[in-house]
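These are the residues of each chain, in order.
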Amino acid sequence: MENEIKNEQEKKEWYVVNTISGHEYNVKEKLENRITSMNLQDRIFRVIVPEQKEIEYKDGVKKEKIKKMFPGYVLVEMIMTDEAWFIVRNTQGVTGFIGSSGKGAKPFPLLPQEVDKILNSMGMSRIDISKDLKEGTKVKLISGPFKDMVGKIDSIDQKEQKLNILVDLFGQETTIEAEISQVEKL
């Protein structure tokens, strides 16, 4: 049973959901309510409307504005089970998943580097530090000079979103620093 849960958690990925344009926040709220009411917190994790701050100057006055990065789309972090897929695509305002050929085919998830680029621009990370990582957790470096090396987390700096990771370098345990976006949990 524990192996089943671990295998399913490894399938936690990000998907792009198409919504009626202008209804992204309504879809986010409705989907989050459905997740709670149907007790699917272990299948559908985060729902995000990608947005970024823009600075506008109008009549010499500086104004900060929040703008949607992808109007008509919402990102959903989930484990693609039949039940979770059904719940998301049948939420009011959802028109479908991006990356699905239709005809009942499940969609393809976003690549980790695509997710990182979007979330980093919002000051977020694909990995939820407080839930997914702790000291002693095994991680694999997916970018940077130590790419493809595996190590254990020695310490976590939540404020700076950085990790100290113990890796075996030339037969000696060495500590390296990495950003959250440079690792994936094993």
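See the structure above.
Presented here is an overview of the structure given in this document. (Residues numbered from 1 in each chain as written. Predicted model: local features only at pLDDT ≥ 70, side-chain atom pairs only at ≥ 80, totals over all residues. Heavy atoms only, no water.)

### Quick word on unusual backbone geometry
Here comes step 1: In this model, Asn-39 sits at a positive phi of 55 degrees, which is unusual for a non-glycine residue.
Here comes step 2: With respect to the helices and strands, the residue Asn-39 is situated in the loop between α2 (24–37) and β2 (44–48).
Here comes step 3: You can call Asn-39 exposed: its relative accessible area is 58%. (Helix = DSSP H or I, 4+ residues; strand = E, 2+ residues; numbered from the N terminus. Buried < 20%, exposed > 50% of the residue type's maximum accessible area, 1.4 Å probe, protein only.)

### Considering the environment of Tyr-57
Here comes step 1: Within the secondary structure layout, Tyr-57 lies in strand β3 (residues 51–58).
Here comes step 2: With a relative accessible area of 61%, Tyr-57 lands in the exposed category.
Here comes step 3: Considering only alpha carbons, one finds Tyr-57 and Asp-116, 59 residues apart in sequence, at a separation of 30 Å.

### Some remarks on the side chain of Thr-19
Here comes step 1: Examined against the element boundaries, Thr-19 turns out to sit in strand β1 (residues 12–19).
Here comes step 2: Not counting residues within four places of it along the chain, the set of residues in contact with Thr-19 comprises Glu-24, Val-27, Gly-72, Tyr-73, Val-74, Gly-93, Val-94 and Thr-95. (Contact = heavy atoms within 4.5 Å.)

### What to know about the side chain of Glu-77
Here comes step 1: Tracing the chain through its elements places Glu-77 in strand β5 (residues 73–79).
Here comes step 2: Residue Glu-77 is classed as buried on the basis of its relative accessible area, which comes to 5%.

### Things to note about the sheet that holds β5
Sheet strands line up and pair through hydrogen bonds in the backbone, either parallel or antiparallel.
Here comes step 1: Taking strand neighbours across the sheet as the criterion, the four strands line up as β2-β5-β1-β6 in an open arrangement whose pairing is antiparallel. Lying at the two open borders of the sheet, with one neighbouring strand each, are β2 and β6 (94–97). Geometrically, the sheet is characterised by an average inter-axis angle of 30 degrees between neighbouring strands, direction not taken into account.
Here comes step 2: Relative to the sheet, α2 contacts β1, β2, β5 and β6, its axis offset from that of β2 by approximately 165 degrees. (Pairing = 2+ DSSP bridges. Axes fitted to C-alpha atoms, helices over the stretch in contact; angles between N-to-C directions.)

In short, the description is geometric, and any link to function would need to be established separately.
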